[in-house]
Every structure is written in structure tokens, then in C-alpha cells.
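# Topology and contacts: notes
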Amino acid sequence: MSSSIFDSSPGDSNPGGDFAAREAAIALPPRNTALRRFCRHRLAMAGAIIIAILVLGSYLGPYLIPYDDTFIDIMQRFAPPFSGAHILGTDELGRDMLARLMMGGRISLAVGFTAMVISMGIGILVGAIAGYYGGIVGAALMRFVDAVLCFPSIFLLLALAALIEPGVASITLLIAATAWMDVARIVEGQIRGLRERDFAVAAEALGASDLRIVFRELVPNAVAPIVVAATLNVAKAILLESYVSYLGYGIQPPTPSWGNMLNNAQIYLTSAPWLAILPGLFITLAVTSFNFLGDGLRDALDPRMENH
Amino acid sequence: MAPYLIRRFGQAVLLLLVVSMIGFAILHLAPGGPMAQYAIGSNMSQEDLDRIAQQLGLDRPLPVQYAEWLWRMLGGDWGTSFRDGQPVLHVIGSHLGATLQLMLTATLLAIFLGCWIGILGAIRRYSVFDYLATIGAMVALSIPTFWFGLVTIFVFSVELGWLPAGNRETVGDGSLLDMLHHLIAPAMVLALVETAIWSRFMRSSMLDVVNQDYIRTARAKGLPRFKVLTRHALRNALLPMITVAGLQMPTLLGGALVTETVFTWPGMGRLFLDSISYRDYPVVMGILMFSAAMVLIGNLLADMLYAVADPRIRLG
Amino acid sequence: MAGELLLEVENLAVSFRSRGAVADAVSDVSFRLHQGETLAMVGESGSGKSVTSLALMRLLPDAPQCQVRGSVKLRDKTGSGMLDVLALPEPQMQAVRGNNIAMVFQEPMTSLNPVKTIGAQITETIRLHRPMLARAAEDEAVRLLDLVGIPAPRQRLTAYPHQLSGGMRQRAMIAMALSCEPSVLIADEPTTALDVTIQAQILDLLKRLQEQTGMAVIFITHNLGVVAEIADRVMVMYSGRVVEQADVVPLFQQPLMPYTRGLLRSVPRLDLAGRRAGALYAIPGNVPDPRRPPPGCAFHPRCDSFADGRCNVEAPRLDSTADGRQVRCLRWPEFVA
């Protein structure tokens with residue numbers, strides 16, 4: 001067994017538990033905590049930088065390369081990456097992969113971001129109402145949240161997507177409709193907790209309207225977990241978009257998205273594996289970056305989460 | 001213990017009721033609603049449709065329709081598939097085995113790997129292994145499952161030729177060995193996300209435990225570190241994992257759907273997708289309700305198991 | 001005290017290390033402990049008393065995170081020699097822990113494993129150090145529970161910690177600590193988390209057990225009321241150092257170190273007509289950060305007898321007085337007069 005673990009490590013936030021910490025006030029964090037913090041911080045920074053590059057590349061990139069994402073060139077089908085004029089190769093219709101990845105990135109990132117904004121809106125609204133009013137209204141809303149969470153989000157998303165005309169806007173709305181529950185729970189919990197505190201009572205006594213209390217006083221105080229949830233929600237939305245689009249019920253071709261570019265790729269896995277590998281890499285890169293960023297933000301904004 | 005479980009059971013029933021309302025609402029959002037079967041691709045006149053609607057009781061108030069629908073659901077009458085005329089429950093049942101096999105294999109794999117990674121990460125906290133496990137888990141949670149499936153097929157089937165690229169068995173073979181051979185890749189793919197989740201929860205649970213006073217007590221007794229780990233830390237650290245297991249059902253089901261699609265695995269998820277493309281709404285609805293019920297049952301089972309495993313709950 | 005020498009600590013020092021910075025949690029602690037004797041270790045949180053006790057048990061983190069220097073000699077229960085605790089290999093140390101030297105902790109709720117029965121936890125200790133069959137160990141556990149005053153001891157074997165009251169849990173902890181008849185018992189604030197009436201019961205119990213077994217007790221506390229009740233000798237610690245050591249009566253009658261005086265003044269005293277003076281005295285300020293100890297005497301920023309130019313310049317040594325006391329203060333001779 002290695003040494004370090006059964007020993008109390010003074011950096012831990014463990015009320016009443018850690019006697020070395022309690023007693024010695026040695027509250028010197030062990031070297032490694034700092035290293036870890038720094039490392040996490042660096043990963044979050046890297047995430048932020050990659051997100052910036054992906055966004056810039058997707059929005060400006062198409063103006064910088066000589067190919068159009070919809071230009072079909074039958075003579076250039078299945079050109080492998082790094083072998084000719086097309087840096088990342090071409091697809092089954094001879095379209096430039098890089099151009100398609102950039103345009104697909106626009107869609108995937110935009111869908112992810114917009115869906116996040118909408119789902120945050122729904123989640124904050126539902127959570128704030130449930131948390132502030134409590135009682136029957138709050139309980140009913142939160143049981144509704146619980147019930148929606150019983151449906152695996154992909155099942156719900158696909159069932160709903162099958163009912164509508166798929167398009168960028170409708171898919172974005174559907175993703176938002178299946179991703180707001182966690183936020184509602186967070187906000188409800190925060191507001192229920194904050195409501196007990198004095199300042200909400202004070203505002204109430206001063207005659208502020210209910211809405212004013214909720215959105216002026218309480219929501220800003222719950223902002224740290226909301227920001228973290230928002231970042232993680234972008235990652236979730238990008239993933240969900242890729243799932244439905246891959247399965248054929250999301251963004252419809254010819255509009256490219258990272259997800260639907262993979263829709264046909266499995267057929268060509270033997271002859272043109274880059275069709276499958278490249279878009280997936282970009283999804284993974286984007287989602288990982290948002291997740292690391294969210295994780296770093298949680299560390300920075302909420303020191304109580306240190307242990308996890 | 002009993003009052004606690006009764007309360008939890010009551011909550012689950014209540015939740016199932018809300019779930020069924022959502023399901024009913026979705027059913028009526030479908031184009032043509034419960035009439036879709038007749039409305040799509042048939043040449044019935046509006047009068048015919050109205051008459052059928054009346055016969056089916058669709059002209060009555062929604063709450064009445066809901067009550068009837070719920071009653072039929074509880075009685076096991078989940079409607080018939082548009083596609084092959086079979087009862088929905090029967091159709092689901094014939095695909096359930098394949099899904100459960102995949103989910104169970106992946107879960108066992110994930111629990112085994114995830115717990116080990118988590119425990120080692122906690123014991124050697126801040127070691128190189130711990131960093132790699134942390135970063136690896138984060139990346140694993142960010143990889144789209146279907147893409148990981150594609151990459152797995154590319155590597156192990158296309159390039160190396162070790163594993164079959166799909167299906168549950170080779171046509172005409174179907175031996176146990178053949179089935180296991182087909183199971184490896186999809187189970188591995190489905191297990192990826194689960195392993196990441198298990199390792200994270202296990203690590204944090206273990207860290208909570210090893211900093212507890214009773215671990216220090218056990219050391220002060222003169223127990224060697226390894227025995228402190230196995231006799232005192234492990235059981236306490238595994239307790240919250242029961243709850244984690246109960247919460248994995250939605251992730252598992254969603255992952256199974258995607259994995260089954262990539263590997264043409266004849267399970268419930270694949271049936272769901274096929275049913276969607278056929279606009280087979282009764283089956284789509286059936287699977288949606290069935291999966292929600294599985295999620296609920298998973299949670300309930302975890303709660304019951306926890307109550308049995310944790311002596312502190314017995315006070316009620 | 002005339003008993004046999006059981007524990008001899010010399011120049012014990014513990015430092016924690018992090019990112020190149022070093023924090024001296026304990027330095028230059030020396031004391032001796034004889035059979036049947038009770039030594040009270042007194043000080044505020046962060047004074048190093050718990051770290052000292054953990055160093056005796058060798059339960060601190062390993063190097064390089066934590067460094068322990070000095071020497072700790074513990075009488076071997078079986079032989080007649082002294083064990084060099086700090087040099088003992090870990091497997092041998094495991095045979096010493098719980099056997100020669102045992103510990104009772106502050107929080108009886110969290111110090112017992114919540115998912116194991118009281119019986120399992122006691123028999124585990126017994127069978128760890130004494131070759132005994134499960135059945136016999138169980139009987140022994142019953143005897144121990146009875147010894148510490150737990151009613152219906154056999155039924156309690158199958159009880160879980162949460163099913164016992166705080167006082168009963170602490171009794172069970174004590175039974176566990178005593179299960180191998182250790183020669184030295186370290187009690188780390190064993191009554192702090194308990195009600196006052198229960199506190200008194202536990203103190204009585206410890207005294208009674210000590211008389212029966214002749215073990216030596218190191219009693220860690222910040223409560224001087226408890227000290228007066230139980231201790232033979234008192235060691236006052238501040239900022240990781242012993243600042244005063246004396247027998248209990250002289251120390252209470254004439255504390256030499258201003259810090260001890262402050263501690264004594266902050267004890268509620270019924271004989272001084274309780275609420276006469278209003279608020280209880282509290283030593284101003286806080287314990288210094290061990291990474292940045294103040295120059296000179298560590299206590300000088302909070303001291304009411306602070307002499308500028310001396311206390312903040314020169315670090316006092318631990319002086320021995322004529323009557324066998326020890327004190328760490330530049331001005332103590334003035335206080336004697």
C-alpha cells in the first residue's frame with residue numbers, strides 16, 4: 001500500500017473529521033492540492049482556448065479556404081486527408097471535409113449554445129418559481145421535473161423529434177426541452193436555501209413584488225452554480241445534437257452538422273475511415289473543452305466542491 | 001425500515017402517474033394522435049375517421065380518455081404495433097432480452113473497472129494515475145457513444161479483424177462462444193461512459209470515507225492499512241454506490257439505444273428507432289413508457305437495497 | 001509518582017511540509033510518563049497537542065509530507081525493555097498500536113464504524129492482538145462492556161453505534177481501547193462532545209479504570225476544569241511547544257507562564273460568585289500561523305506581560321525551576337516574586 005491515504009491530509013475540507021487539520025492549523029495545503037488546482041485551472045484554460053479556436057474557425061474559417069462546403073466534385077470523391085488539395089480529404093460526394101467540418105461546427109456550436117440558453121431560461125424559471133413559492137406549486141413542479149427525468153433524454157428527444165418537422169430551430173428547441181431539468185433542480189435548491197436567509201425576508205418586508213424578489217435578489221445569489229450548469233449544459237446539448245443527428249432525426253442534410261456528418265460514415269468505415277473519425281474528434285474536442293471549463297469554473301466559484 | 005420503504009414506494013407510484021400523463025400528452029401531440037394509424041397512408045374519408053374516432057372514444061373529454069388509457073396500460077393492454085399487428089408488450093418483450101444482456105454485461109464491466117480505478121485514485125490521490133484517471137473520465141464522458149462505437153469497429157473489426165462489426169450472433173452459428181464474441185465490442189462501448197461515472201463516484205466516496213474518524217480508529221487499533229481498507233473503508237464507501245447504481249438507468253438505456261444502433265444489436269433501443277422510422281407510434285410510446293418505468297424501478301430497487309445494506313436506515 | 005517509567009518522549013518535533021514551505025507543528029516536546037499517572041495536555045486548537053499524540057501512535061502522514069524527529073520510548077508490555085517507537089518497522093508498530101498504547105477519540109459518533117456492530121468492532125481489536133477464538137473474544141467483549149458500565153452488555157454486542165447514546169458510545173470506545181490492556185491510554189478530548197453530566201461519568205469511569213489497571217493516561221483537553229479533576233501533572237502547550245509543565249496543584253495555585261494564567265482566568269469559577277464580573281475572560285487574538293511564527297516568544301502578540309525589546313526579540317527556552325517545574329517565559333522569575 002502506498003503511504004499517503006490513511007493519513008490525514010490537512011487540505012481536506014472535512015468538518016470535524018480531520019484531526020491533523022483541525023488541531024494543527026497546519027492548514028498548509030499539501031503541495032499536491034495546489035498542483036491539482038493549478039492543473040485543473042490549466043485544463044479549464046485549455047478548454048476555453050480550444051472553444052475559442054473552434055468558434056473562430058467555424059465562423060471565419062469558411063472565408064479563408066477555397067472550397068465551399070456544398071460544392072460537389074464527383075471526380076474528387078474519397079480523397080484521403082493530407083494527400084492533396086483537400087487538407088482533410090473529401091467525402092462520398094467529393095465535398096471538402098474541412099469546409100464541411102467548419103460549417104458543421106457553426107451549426108453544432110450554435111445549436112449547443114442556443115439550446116443551453118433556452119434550457120437555462122426554462123430551468124431557471126421553473127426552479128425559481130418552485131423554489132420561491134414552495135408548497136403545492138413547488139412540489140408539483142418538482143415532481144414534474146422528476147417525472148421528465150425518468151425518460152432517458154435520447155428516447156424522449158427521438159420520440160419528440162419524430163413528431164415534428166426536423167429543422168435547426170425545432171431541434172434546438174427540443175434539445176432545450178429535454179435538458180432543462182437539472183438546472184431547475186439546482187436553482188430550486190439554491191433559492192429554497194437562500195429564501196430562508198434574512199435578506200429575502202427583508203426585501204419582502206419592504207414590499208418588493210414576488211417577481212422582483214426572485215429575480216433581483218435571489219437569482220443573482222445563485223449565479224455561481226448556474227454559470228457552471230450553463231457551461232456543462234452546452235456540452236450536453238452538443239452531445240445530444242450529435243446523437244439525434246447521427247440517428248437521422250436531427251439536423252437534416254445538406255445542412256452539415258458534426259452529428260449528421262457521421263450519419264452515413266459507418267458505411268464507408270472500411271474505405272474512408274476519416275469520414276467517421278474527423279467529425280467525432282471535433283465533437284469530442286468541443287464537449288471535453290466545455291466539460292473541463294465547467295469543472296474549472298466549479299472549482300473557482302465553489303470551493304466547497306473541492307473534494308470531487 | 002418499513003415506513004421508509006412504504007413512503008418511497010408511494011413516491012414512485014405518484015411519479016409513475018406523472019410520467020404516464022407526460023406519455024399521454026406526447027401521444028396526443030403526434031400527428032393524428034392515437035388515430036395516426038388510420039390517418040396516415042389510408043384513403044378513408046373524414047366521415048370514416050370521425051366514426052372510428054367515436055368508436056374509439058376519442059370524442060370524449062381528455063381526462064376520461066386518459067383514465068381509460070391508463071387503466072388499459074395497467075391491465076397490460078399497451079395497444080398493437082402498426083407494423084406487425086403484435087401486442088406492444090409482446091414486441092417489447094421479444095427485444096428486451098438482448099438489451100438487458102448488453103446492459104448487464106456493460107454494467108458489470110463498468111462496476112468492476114470503475115470501482116478499481118476509483119479506489120486506486122482515492123488511495124493514491126494526486127498521483128500520476130489519479131490525474132490520468134480524472135482526465136480520462138472527463139474525456140470518456142465527452143465522447144459520443146456512437147462515435148466510440150464507430151472507432152471500435154474501425155480498430156477491432158476493420159483494421160485488426162478481431163471482433164465482429166455487429167449483430168448478436170453469426171447467422172447459422174449461435175453458439176455461446178459466438179455470442180460472447182459478438183458481445184465484447186458493444187459491451188465495451190456501452191461500458192465506457194459508465195466506467196467513467198463509476199470511477200468518479202467511487203473515488204469521491206472513498207475519499208469521504210478514508211478521512212472519517214472511524215478509519216483513524218481502525219488504524220489506532222493496530223490494523224494494517226490494507227485491512228483497514230478492506231474491512232472498514234470499502235463497505236462504507238460502497239454504500240452510496242448503491243444509489244449511484246440506481247441512478248444509472250437513464251444513461252444506460254440511452255447508451256444502449258445508440259450502441260445497439262451502431263452494432264445492429266437486436267434490442268429495445270434499436271426497436272425504438274425502427275419504430276420511429278415506421279411511425280409505429282404504439283411501440284414508440286410503449287418503449288418510452290417502459291423505459292421510464294425501468295428508470296423508476298431502478299431507483300426504487302436501489303433505495304430498498306440501500307435500506308437493507310445500511311444499518312442506520314433501520315431505525316426508520 | 002513512583003511507578004515504573006512507561007513512556008519517555010524526548011525532543012519530539014513534527015513538521016509538515018508543503019510546496020517547500022515548512023510548518024513546525026510540534027517542536028521540542030519532552031516528557032515522561034509513569035505507571036498510574038495522568039498527564040493532561042492542555043492548549044487551544046492548533047497548539048500541537050493532538051499532533052503530539054498522533055506522533056506517539058505513529059499515525060501521522062509519512063515523510064516527506066510529514067517529518068517526525070526526536071525519540072519516543074515506550075515500555076514493552078511483554079519484555080522489560082523500551083521500544084523505540086519512531087524507529088519501529090510498520091508491522092511491529094501495528095502490534096504496538098491498540099496493544100501497548102491505545103487511543104480514545106473526541107467524537108464517539110464518528111469514531112466508530114457506523115456499519116459494524118459494537119461487538120464486531122471490539123472483538124476485532126481483541127483478536128488482532130490476542131490469540132483467541134471468536135467465541136472467547138465475544139465473552140471478553142461482554143466483560144469489557146460490563147467493565148465500562150454498559151448495561152445488558154451481551155445484547156449490546158449486536159447493536160450498531162447509532163443505536164447507542166453518546167455517552168454509551170464513548171464507553172464502548174473506551175472498552176475497545178482497553179481491550180488489550182494497554183499500558184498507556186491517550187484520551188483525545190474524550191468528553192468534549194458530551195453533555196456535562198455524561199462528561200463527569202466518563203471522567204469517573206476513566207479514573208476508576210486507571211486505578212484498576214494501573215495504566216498511564218495522557219488526557220488531551222482544552223478544559224482546565226477537567227484537568228483539575230483528573231490530572232496529576234499538566235503540560236500546557238502553545239504553538240507546538242511546551243510552555244509550562246508542573247504538577248496540577250502548584251500550576252493552579254501559581255501559574256508561571258502568562259498564557260497559563262490566561263487559560264485559568266478563562267475558566268468559569270463557581271466559587272467566585274459566578275456572574276459577578278459579567279463576561280468571562282478570553283485571551284485576545286488567535287493562535288499564530290505555524291508557517292509564519294512571530295519572532296521571539298510565540299505568545300508575545302497576545303501576552304499581557306509583554307516586554308517590548310525582549311519578548312519580541314529573544315525566543316525563551318524551557319527553564320526548569322527549583323521545585324521541578326518547567327516554564328518557557330523570559331519573565332517568569334519576576335512572577336515568582
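The structure displayed is predicted, hence computed values, not measured ones.

### Let's talk about the interface of chain A and chain B
Counting from both sides, the interface comprises 63 residues of chain A and, opposite them, 65 residues of chain B. Carbon and sulfur atoms supply 72% of the area buried between chain A and chain B, which totals about 5,800 Å² over both sides. Applying the counting criterion to the chain A and chain B interface returns five residue pairs in polar contact (both at pLDDT 80 or more). Of all the elements in the fold, those that place two or more residues in the side of chain A that touches chain B are helix 1 (19-24), helix 2 (31-64), helix 4 (135-150), helix 5 (153-163), helix 10 (223-246) and helix 11 (274-301) of chain A. At 11 residues, the largest contribution of residues to the side of chain A that touches chain B is made by helix 11 of chain A. Tallied by class, the residues present in the side of chain A that touches chain B amount to 36 nonpolar, 18 polar and nine charged.

### Description of the packing of aromatic side chains
The description of an aromatic ring pair rests on the distance of the ring centres and on the angle between the ring planes. What the rule picks out here adds up to 14 aromatic pairs over all chains. With a centroid separation of 4.8 Å and 45 degrees between ring planes, the pair formed by A:Phe155 and B:Phe272 is classed as tilted. One end of the pair, A:Phe155, is in helix 5; the other, B:Phe272, is in helix 12 (residues 268-277), on a second chain. Summarising the burial analysis for this pair, A:Phe155 and B:Phe272 share the class buried. Ring geometry for C:Tyr238 and C:Phe299: centres 5.0 Å apart, planes at 80 degrees, overall edge-to-face. Placement of C:Tyr238 in strand 9 (residues 233-238) and of C:Phe299 in the loop between helix 10 (258-265) and strand 11 (319-320) is noted, with a sequence separation of 61 residues between them. A residue is classified by how much of its surface remains accessible, and C:Phe299, at 3% relative accessible area, is buried. Connected via pairs of aromatic rings, a cluster forms that spans A:Tyr243, A:Tyr246 and B:Phe146.

### Quick word on the sheet that holds strand 12 (residues 326-327) of chain C
Strand pairing in a sheet is mediated by backbone hydrogen bonds. Such pairs are either parallel or antiparallel. Residues and elements named next belong to chain C. Pairing is mixed in the open sheet, where eight strands are placed in the order 6-7-8-3-9-10-12-11. The outermost strands of the open sheet, each flanked by one partner alone, are strand 6 (101-104) and strand 11. Together, strand 6 and strand 7 (184-188) form the strand contacts of helix 6 (residues 166-178), whose direction differs from that of strand 6 by roughly 175 degrees.

### What about the domain arrangement of chain B?
All names here are of chain B. What the domain assignment lists for chain B is domain 1 (2-74) and domain 2 (88-309). The interface is formed by 17 residues belonging to domain 1 together with 11 residues belonging to domain 2. By the criterion of area lost to domain 2, the three top residues of domain 1 are Leu5, Arg8 and Val19, representing 29% of everything that side buries. A salt bridge links aspartate 303 to arginine 8, with the shortest nitrogen-to-oxygen separation between them at 2.3 Å. Where domain 1 touches domain 2, the interface holds one residue pair in polar contact (both at pLDDT 80 or more). Element by element, the count of residues in the side of domain 1 that touches domain 2 is highest for helix 1 (residues 2-29), at 12 residues. Considered class by class, the residues forming the side of domain 1 that touches domain 2 number 14 nonpolar, two polar and one charged.

### Describing the pattern of salt bridges
All names here are of chain C. Using the criterion set out here, one finds 28 salt bridges over all chains in the structure. The salt bridge partner of arginine 325 is glutamate 244, with a shortest N-O separation of 2.7 Å. Of this pair, arginine 325 sits in the loop between strand 11 and strand 12 while glutamate 244 is found in strand 10 (residues 241-247), placing the two residues 81 residues apart along the sequence. Glutamate 244 shares its class with arginine 325; the two are buried.

### Side note on helix 4 (residues 134-147) of chain C
Residues and elements named next belong to chain C. Its 14 residues place the ends of helix 4 20 Å apart at the C-alpha level, agreeing with the 20 Å of an ideal helix rising 1.5 Å per residue. Of the residues making up helix 4, those classed as buried are Ala137, Glu140, Ala141, Val142, Leu144 and Leu145. Contacts from the buried residues of helix 4 go to helix 3 (118-129), helix 5 (153-156) and helix 6. A positive phi of about 85 degrees marks glycine 149, the residue just after helix 4.

### So, the sheet that holds strand 1 (residues 5-18) of chain C
All names here are of chain C. Ordered in space as 2-1-4-5, the four strands form an open sheet in which the pairing is antiparallel. Here the strands that pair on one side only, and so sit at the sheet edges, are strand 2 (21-34) and strand 5 (82-84). Ignoring which end each strand starts from, the neighbouring axes of this sheet average 10 degrees apart. Inspection of the sheet shows strand 1 paired to strand 4 (residues 66-75) by eight bridges, in the antiparallel sense. Bridging from a neighbouring strand, glutamate 8 pairs with lysine 73 of strand 4. The strands that helix 1 (residues 49-57) touches are strand 1, strand 2 and strand 4; relative to strand 1, the one it contacts most, it runs at about 110 degrees.

### Some words on unusual backbone geometry
Between A:Pro253 and the following residue, A:Pro254, the backbone shows a cis peptide bond with an omega angle of 10 degrees. For A:Pro254, the location among the structural elements is in the loop between helix 10 and helix 11. You will see that C:Glu181, though not glycine, has its phi angle at about 50 degrees, which is positive. With respect to the helices, strands and loops of the structure, C:Glu181 is situated in the loop between helix 6 and strand 7. With a phi angle near 50 degrees, C:Ser239 is a residue other than glycine that sits in the positive phi range. Mapped onto the elements of the fold, C:Ser239 is located in the loop between strand 9 and strand 10.

### Section: the domain arrangement of chain C
All names here are of chain C. Domain annotation for chain C reports domain 1 (5-231) and domain 2 (261-269 + 279-335). Placing the centre of domain 1 and that of domain 2 at their C-alpha centroids yields a distance of 29 Å. On the side of domain 2, eight residues touch domain 1, which itself brings 10 residues to the contact. Carbon and sulfur atoms supply 63% of the area that domain 1 and domain 2 bury against each other, a total of about 750 Å² over both sides. Of the charged contacts in the structure, one is a salt bridge between glutamate 44 and arginine 302, with a shortest N-O distance of 3.0 Å. In this assembly, domain 1 and domain 2 are joined by one residue pair in polar contact (both at pLDDT 80 or more). Contributing elements (two or more residues each) for the side of domain 1 that touches domain 2: strand 2 and helix 8 (224-230).

### Looking at the confidence of the model for chain C
Any region with low pLDDT has predicted coordinates that should not be read closely. Looking at chain C, the pLDDT average stands at 85 and 95% of residues meet or exceed 70. Predicted complex metrics record ipTM = 0.85 and pTM = 0.81.

### Some points on the nonpolar core
Judged by nonpolar contacts, the single largest core of 160 residues is most densely connected at A:Leu158, A:Leu262, B:Phe146, B:Met206, B:Leu257, B:Phe272 and B:Leu288. It is helix 3 (residues 97-133) of chain A that contributes the most residues to this core, 16 residues altogether.

### What to know about the UniProt feature "transmembrane region" (unreviewed entry) in chain B
The UniProt entry lists residues 12-30, 102-123, 135-159, 179-198, 237-263 and 283-309 of chain B under the feature "transmembrane region" (unreviewed entry), expressed in the numbering used here. Along residues 102-123 of chain B one finds 100% helix and 0% strand; the C-alpha atoms at either end are 31 Å apart.

### Some remarks on the environment of C:Arg265
All names here are of chain C. Mapped onto the elements of the fold, arginine 265 is located in helix 10. Along the sequence, arginine 265 and alanine 282 sit 17 residues apart, while their C-alpha atoms lie 7.8 Å from each other. Here arginine 265 is in contact with Tyr281 and Asp304, once residues within four sequence places are set aside.

### Description of the pairing of strand 3 (residues 38-42) of chain C
Residues and elements named next belong to chain C. A large share of strand 3 lies buried, amounting to five of its five residues. Neither face of strand 3 is exposed, since Thr38, Ala40 and Val42 on one face and Leu39 and Met41 on the opposite face are all buried. Sheet topology note: the strand 3/strand 8 (residues 216-221) ladder contains five bridges and is parallel. Bridge assignment links leucine 39 to a residue of strand 8, and that residue is isoleucine 218. Where strand 3 and strand 9 come together, four bridges link them in parallel fashion. Across the sheet, residue valine 42 finds its bridge partner in strand 9, namely valine 236.

### Looking at a nonpolar patch on the surface
Residues and elements named next belong to chain A. Taken together, the side chains of Val55, Leu56, Tyr59, Leu60, Tyr63 and Leu64 define a hydrophobic patch exposed on the protein surface, amounting to about 660 Å² of accessible area. Along the chain, the position of tyrosine 63 falls in helix 2. On the accessibility criterion, tyrosine 63 (64% relative accessible area) is exposed.

Rules and cut-offs
- Residues numbered from 1 in each chain as written.
- Chains lettered and ligands numbered in written order.
- Predicted model: local features only at pLDDT ≥ 70, side-chain atom pairs only at ≥ 80, totals over all residues.
- Heavy atoms only, no water.
- Contact = heavy atoms within 4.5 Å.
- Buried area = accessible area lost by both parts, 1.4 Å probe.
- Polar contact = N/O pair within 3.5 Å; in protein donor to acceptor, adjacent residues only side chain to side chain.
- Helix = DSSP H or I, 4+ residues; strand = E, 2+ residues; numbered from the N terminus.
- Nonpolar A, V, L, I, M, F, W, Y, C, P; charged D, E, K, R; others polar.
- Phe/Tyr/Trp six-rings, centres within 6.5 Å; stacked < 30°, edge-to-face > 60°.
- Buried < 20%, exposed > 50% of the residue type's maximum accessible area, 1.4 Å probe, protein only.
- Pairing = 2+ DSSP bridges.
- Axes fitted to C-alpha atoms, helices over the stretch in contact; angles between N-to-C directions.
- Domains from an automatic or database assignment.
- Salt bridge = Lys/Arg side-chain N within 4 Å of Asp/Glu carboxyl O.
- Expected span 1.5 Å × (residues − 1).
- pLDDT = per-residue confidence, 0-100.
- Core = buried A, V, L, I, M, F, W, Y, C linked by side-chain atoms within 4.5 Å.
- UniProt positions renumbered as here; feature names shortened; annotations may be inferred.
- Patch = residues over 30% accessible without salt bridge, like charges linked within 9 Å, V, L, I, M, F, W, Y side chains within 5 Å.
- Areas by Shrake-Rupley, 256 points an atom, 1.4 Å probe, with all protein chains shown as cover.

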